[in-house]
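These are the residues of each chain, in order.
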Amino acid sequence: MESIEAALHAPFPPSRQNAEPLGETLVERDQFVTWLRAVAPYIHAFRGKTFVVGVGGEMIAAGMLEALVQDLSLLNAIGMRIVVVHGSRPQVVEQLRLRGVEDHYVRGLRVTDAIALECAKEAAGEIRLDIEAAFSQGLPNTPMAHSTVRVISGNFVTARPVGIVDGVDHLHTGVARKIDAQSIRFALQSGAIVLVSPLGFSPTGEAFNLGMEDVAAATAIAIDADKLVFVTEVPGVPGADDQVLGEVSEADATRILAAGELDCDTECYLRQALRACEGGVARAHIIPFQINGSVLLELFRHDGVGTMVVEETLEALREATIDDLGGILAIIRPLEEDGTLVPREHTQLEREIESFSVIEHDGVIFGCASLRVLAPEQTGEMYCLAVSGGAQTQGDGERLLRHIEQRARAAGLTRLYVLTTRTMHWFLKRGFRQGTPDDLPASRRDSYDWRRRSQVLIKVL
Ligand SMILES: CC(C)(COP(=O)(O)OP(=O)(O)OC[C@H]1O[C@@H](n2cnc3c(N)ncnc32)[C@H](O)[C@@H]1OP(=O)(O)O)[C@@H](O)C(=O)NCCC(=O)NCCS
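Residues numbered from 1 in each chain as written. Predicted model: local features only at pLDDT ≥ 70, side-chain atom pairs only at ≥ 80, totals over all residues. Heavy atoms only, no water.

**Q** I keep staring at the confidence of the model for the protein chain and nothing clicks. Help me out?
**A** Reading predicted coordinates in detail is not appropriate for stretches of low pLDDT. On average, residues of the protein chain score 88 in pLDDT, and 93% of them reach the 70 mark or higher. The lowest-confidence element of the protein chain is helix H1 (residues 4-9), averaging 43 in pLDDT; the highest-confidence one is strand S2 (residues 81-86), averaging 98. Here residues 1-19 is a poorly scored stretch, pLDDT under 50, and it has 11 contacts once near neighbours within four places are set aside; other chains count. (pLDDT = per-residue confidence, 0-100. Helix = DSSP H or I, 4+ residues; strand = E, 2+ residues; numbered from the N terminus. Contact = heavy atoms within 4.5 Å.)

Encoded structure:
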């Protein structure tokens with residue numbers, strides 16, 4: 001195999017030595033460079049961070065393992081510390097089928113008898129070998145070329161039996177009791193990817209069959225991971241209109257679970273994602289494996305592809321009431337005076353108060369944004385996005401933007417417009433594209449202020 005040094009010093013193939021690109025346009029070259037640069041901030045932000053990736057056995061059964069391994073190797077190469085926890089549900093079912101044994105569930109939880117435990121061990125062993133093999137690839141002309149990923153697995157999980165539930169003994173079905181965080185951290189520090197199977201052992205040496213979701217959440221909490229990502233057979237958590245919710249807070253997640261309307265799999269992922277956030281993991285993602293590169297899309301793009309559960313902070317993001325008017329004015333008046341925001345009459349703000357969302361901390365408002373529906377075009381305009389001086393650059397501007405986008409989607413709007421004179425780049429970085437006043441819907445174009453000459457930014461929702 002070609003060494004890295006050889007690859008670095010090899011001459012470019014003849015076509016690459018030409019100043020004129022062959023088979024690609026200059027625009028495509030530019031797009032590539034722009035794209036790579038756009039990813040740079042995420043690479044800086046994620047380097048040295050710890051991610052736990054929970055991979056359902058369904059993804060492996062669907063033949064998507066190699067693509068995921070390539071993406072995880074890339075993340076590992078750019079300095080992220082990765083723990084992979086794999087599932088094995090369909091593989092255990094298949095093993096049982098081959099032995100002509102019925103699968104036995106009580107309230108969605110498998111009862112693992114001696115035969116089922118054998119099947120779980122066999123399935124886990126096979127999957128572990130498949131994953132190790134996939135990480136060991138290094139063929140030239142593949143994303144794995146020059147990768148030297150070490151995979152470390154071990155007896156990291158101590159388990160206890162689920163025991164007797166509703167009169168049924170679940171035998172060798174267990175739950176994670178303790179995770180050997182120190183050994184996992186040690187392995188991660190050495191640059192290896194840690195692989196954890198959904199099996200645990202009791203101090204008496206007994207093996208237990210565990211849920212991947214349980215082990216992944218317990219591991220993420222134990223090692224104080226920055227993120228937990230479930231790569232799953234479900235698209236994410238559906239909202240009222242059946243569209244996948246991009247972001248839910250812990251409080252939202254608790255409400256959704258209490259409503260009891262989710263299908264069994266989504267409920268299980270959301271419950272464990274919430275548990276992880278409550279245990280101190282900043283973000284837990286539920287993303288579909290069916291989308292090619294879903295892990296990369298979720299991590300490196302502002303919009304992502306699934307649902308992200310965010311750790312609750314002391315701040316509350318909520319819809320405004322008339323009592324918040326004073327707090328909103330305190331934030332926006334200085335910005336109106338220096339020309340950043342368009343001056344608005346007190347009475348106008350009072351009339352429009354219900355279109356505002358605010359961020360409050362200990363009774364003080366320190367961020368706001370408003371959504372105006374531009375009927376009849378079924379589009380919306382966000383205005384008055386502002387975070388008070390001392391509280392800026394902590395992600396609250398972005399939280400408000402995401403919230404307004406969610407409100408707009410929930411209202412069935414298809415586009416979001418923003419008019420700004422000084423904050424264009426902030427919006428461009430967050431998925432907006434630059435337009436012109438002509439792109440505004442007719443109902444808004446007429447009131448465009450040509451003296452102010454604000455930039456028009458557009459986001460398709
Ligand atoms: C734009 C604004 C809402 C962002 O709020 P925030 O809570 O600081 O935003 P976030 O923490 O999510 O983002 C901070 C990042 O945006 C950058 N940023 C802030 N203002 C920016 C601007 N005008 N242009 C480009 N980037 C900007 C910060 O430097 C920071 O970058 P970093 O993450 O690389 O450090 C806030 O700066 C503000 O209130 N601006 C004045 C009002 C305004 O212009 N509103 C928009 C028109 S409606």
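**Q** Looking at this structure, I do not really get the site of the ligand. What am I missing?
**A** Surrounding the ligand, one finds 20 residues, the nearest of these being Leu385, Thr393, Gly395, Gly397 and Thr423. Separating a nitrogen atom of the ligand from a backbone N or O atom of Leu385 is a distance of 2.7 Å. Between an oxygen atom of the ligand and a main-chain N or O atom of Gly397, the distance comes to 2.8 Å. Expressed as a share of its isolated accessible area of 910 Å², the protein-covered part of the ligand is 71%. Each residue belonging to the shell around the ligand can be placed in one class, and the counts come to 6 nonpolar, 9 polar and 5 charged. (Near = heavy atom within 4 Å. Polar contact = N/O pair within 3.5 Å; in protein donor to acceptor, adjacent residues only side chain to side chain. Areas by Shrake-Rupley, 256 points an atom, 1.4 Å probe, with all protein chains shown as cover. Nonpolar A, V, L, I, M, F, W, Y, C, P; charged D, E, K, R; others polar.)

**Q** I tried to follow the domain arrangement of the protein chain on my own but got confused; where do I start?
**A** Size of an interface: often given as the accessible area lost when the parts come together. If you check the domain split of the protein chain, you get domain 1 (26-310) and domain 2 (316-460). Here the C-alpha centroids of domain 1 and domain 2 sit 37 Å apart. Taken residue by residue, the interface counts 7 residues in domain 1 and 9 residues in domain 2. Buried area between domain 1 and domain 2, summed over both chains or domains, comes out near 780 Å², and the portion from carbon and sulfur atoms is 41%. A salt bridge links Arg402 to Glu247, with the shortest nitrogen-to-oxygen separation between them at 3.3 Å. Run the count over domain 1 and domain 2 and you get 2 residue pairs in polar contact (both at pLDDT 80 or more). Taken together, the residues of the side of domain 1 that touches domain 2 sort by class into 1 nonpolar, 3 polar and 3 charged. (Domains from an automatic or database assignment. Buried area = accessible area lost by both parts, 1.4 Å probe. Salt bridge = Lys/Arg side-chain N within 4 Å of Asp/Glu carboxyl O.)

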